[in-house]
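This is what each chain is made of:
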Amino acid sequence: TVDWRAGDRVVTTTLEHPGVTGPLALLRDRLGVEVVEAEVGDGGDDDRTLAALAAAVAGGPTRALVASHVAWSTGAVLPAAAMAALARRHGATSIIDGAQSAGAIPLAADELGADFYAVSGQKWLLGPEGTGALAIRRGLVAEVLPPVGGFFAAATPYAVGRDALWPDARRFETAGLHKPSIVGLARSAGWLSMFVG
């Protein structure tokens, strides 16, 4: 996760779902993070979207750019790869909300270049409630500390600290998993990839 501190800046858009705006408001209220919303209209004009985000990011040192790939309110497909590249050029972390994209539009998360790409399992992926996934850019996962610790996150039982964590996605396993839900999400995603596209 991003090591947020008072005075940090995060840039987002005016189109975000409460699944984005809620956590950003908590960062603002709990830690004193400045949240800047770029006015992107309905999100249907890539040039307008990128210009608004670029102006917001250039407005001060920005720790992260957080935006949707597909706007929940308008259905517009935002230029996720260009947004990730914009963040990278300014030394910011890119966090893309793929809740409305995965399963609804063709998607190759690795090709977008985002640092973090989050999806909801229960929406267009047709999986069980409470499921989802987080794709982390290759090479970054071993640097990211989980937001909470847990027994399953350590490669060596009963070890503690950063060096004890698994170097891969297992470092985020903080508790037992509901295996039937994971299987359900995997099956629905597999079915979509085989029969829908």
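Residues numbered from 1 in each chain as written. Predicted model: local features only at pLDDT ≥ 70, side-chain atom pairs only at ≥ 80, totals over all residues. Heavy atoms only, no water.

**Student:** Account for helix H2 (residues 46-58), with residues named and values stated.
**Tutor:** Taking 1.5 Å as the rise per residue, H2 with 13 residues should run 18 Å; its terminal C-alpha atoms sit 18 Å apart, in good agreement. Listed as buried for H2 are Thr-49, Ala-52, Leu-53, Ala-56 and Val-57. Burial along H2 is one-sided: seen end-on, the buried residues are contained in an arc of 130 degrees. More than 90 degrees from the buried face of H2, the exposed residues found are Asp-47, Ala-55 and Ala-58. The backbone nitrogen of Asp-47 lies 3.0 Å from a side-chain oxygen of the residue at the head of H2, namely Asp-45. (Helix = DSSP H or I, 4+ residues; strand = E, 2+ residues; numbered from the N terminus. Expected span 1.5 Å × (residues − 1). Buried < 20%, exposed > 50% of the residue type's maximum accessible area, 1.4 Å probe, protein only. Arc of directions from axis to C-beta. Polar contact = N/O pair within 3.5 Å; in protein donor to acceptor, adjacent residues only side chain to side chain.)

**Student:** Give a description of the sheet that holds strand E4 (residues 93-97) that names residues and reports values.
**Tutor:** The 6 strands lie next to each other as E2-E1-E3-E4-E5-E6, forming an open sheet whose pairing is mixed. The sheet is open, and its two borders are formed by strand E2 (34-38) and strand E6 (132-136), each paired with just one other strand. Going from strand to strand, the sheet's axes swing by 20 degrees on average, the running direction of each strand aside. Two elements, strand E3 (residues 64-68) and E4, share 5 bridges in a ladder whose sense is parallel. Counterpart to Val-66 in the pairing with E4 is Ile-95. (Pairing = 2+ DSSP bridges. Axes fitted to C-alpha atoms, helices over the stretch in contact; angles between N-to-C directions.)

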